[in-house]
Amino acid sequence: MKIITSKRNKSSHQGIYGAAYIQGGSYSGQFANQYTYFDPNTGRPVTQWNNNYEEDITNWGLGFTIGYQKTLWQVLFLDAFVGGGVQFSNTIVSGQAPDQNYYYYDGILDPAYKGILPKIGMNIGIGL
């Protein structure tokens, strides 16, 4: 970080940085569900399937970010960063799981996501 002096003779620190990161996480859940529909001929409910299963997901990723840091009044610290990486995941299902066509993860926010993972954020801190 460099010391920058303003026209009012006040100084602050600021700088640009690059950082590599690794991350990991896990998710576990037990599920019980059944699908019921009404038979149009009899009007009675019919259970299509009944599933009881447990799912364990682990994910890990790595990537790179570039950021900007600045101090304000020598007390407030600002940090903004942007970057990206890749996430891998592994899913273990035990028990009677639903049909794969019915139950699946889709989207970057799901724990079983595999693919490019953007990283963007901002931190604000107070110096003690």
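Reading the values: rules and limits
- Residues numbered from 1 in each chain as written.
- Predicted model: local features only at pLDDT ≥ 70, side-chain atom pairs only at ≥ 80, totals over all residues.
- Heavy atoms only, no water.
- Helix = DSSP H or I, 4+ residues; strand = E, 2+ residues; numbered from the N terminus.
- Rg over C-alpha atoms; globule rule 2.2 N^0.38 Å.
- Buried < 20%, exposed > 50% of the residue type's maximum accessible area, 1.4 Å probe, protein only.
- Contact = heavy atoms within 4.5 Å.
- Areas by Shrake-Rupley, 256 points an atom, 1.4 Å probe, with all protein chains shown as cover.
- Patch = residues over 30% accessible without salt bridge, like charges linked within 9 Å, V, L, I, M, F, W, Y side chains within 5 Å.
- Salt bridge = Lys/Arg side-chain N within 4 Å of Asp/Glu carboxyl O.
- Pairing = 2+ DSSP bridges.
- Phe/Tyr/Trp six-rings, centres within 6.5 Å; stacked < 30°, edge-to-face > 60°.
- Lys NZ or Arg CZ within 6 Å of the ring centre and 35° of its normal.
- pLDDT = per-residue confidence, 0-100.

Peer 1: Quick question: what am I supposed to make of the overall build of the chain here?
Peer 2: A tally of helices and strands in the chain yields zero helices and five strands. The secondary structure elements of the chain, listed N-terminal to C-terminal, are β-β-β-β-β. Computed over its C-alpha atoms, the radius of gyration of the chain comes to 25 Å, more than 25% above the 14 Å expected for a compact globule of 128 residues. Each principal axis of the C-alpha distribution contributes one length, and for the chain these read about 85 × 30 × 25 Å. Per-residue burial for the chain yields a buried fraction of 17% across its 128 residues. Partitioning the contacts of the chain with sequence separation of at least 6, the portion at a separation of at least 24 is 69%. Counting only carbon and sulfur atoms, one obtains 57% of the accessible surface of the chain, whose full area is about 9,600 Å².

Peer 1: Teacher, can you tell me more about a nonpolar patch on the surface here?
Peer 2: A contiguous nonpolar surface patch, about 640 Å² in accessible area, is contributed by I16, F64, I66, Y68, V82 and I120. The biggest single contributor to the nonpolar patch is strand β3 (residues 45-72), with three residues. When you line up the elements, I66 lands in strand β3.

Peer 1: Explanation requested: the pairing of strand β1 (residues 2-5) in the structure shown.
Peer 2: For a regular strand, the rule is simple: side chains alternate between the two faces of the sheet. For β1 and strand β2 (residues 11-38), the ladder comprises four bridges, and the chain directions are antiparallel. Looking at β2, one finds that K2 is bridged to Q14. Connecting β1 to the antiparallel partner β2 that follows it, the hairpin turn spans five residues, and N9 within it adopts a positive phi of roughly 70 degrees.

Peer 1: So what exactly am I meant to see when it comes to the packing of aromatic side chains here?
Peer 2: How two aromatic rings sit relative to each other is set out by the distance from centre to centre and by the angle between their planes. Under the criterion given, the structure shown has one aromatic pair. Between the NZ or CZ atom of K119 and the centre of the ring of Y21, over which it lies, the distance is 4.8 Å.

Peer 1: Hey, could you run me through the confidence of the model for the chain in this one?
Peer 2: Parts of the model with low pLDDT should not have their predicted coordinates read in detail. In this model, the chain carries an average pLDDT of 85, and 91% of its residues clear a pLDDT of 70 or more. Averaged pLDDT values for the elements of the chain fall to 76 in β1 and rise to 94 in strand β5 (residues 115-126).

Peer 1: How should unusual backbone geometry be read in this particular structure?
Peer 2: Keep in mind that most residues, glycine aside, have a negative phi and that most peptide bonds are trans. With a phi angle near 60 degrees, W73 is a residue other than glycine that sits in the positive phi range. Looking at the secondary structure, you find W73 in the loop between β3 and β4 (76-95). Owing to a relative accessible area of 66%, W73 belongs among the exposed residues under this scheme.

Peer 1: Even after reading the chapter, I still don't get the environment of M122, so can you show me in this structure?
Peer 2: Turning to its location among the elements, M122 is positioned in strand β5. We classify M122 as exposed; its relative accessible area is 53%. If we ignore the near neighbours within four places in the chain, the residues touching M122 are L78, D79, A80 and F81.

Peer 1: Looking at this structure, I do not really get the environment of I108. What am I missing?
Peer 2: Residue position: I108 is located in the loop between β4 and β5. Here the alpha-carbon distance between I108 and Q87, two residues 21 residues apart in the chain, equals 9.6 Å. Beyond its immediate sequence surroundings of up to four residues, I108 is in contact with Y113, I116, L117 and P118.

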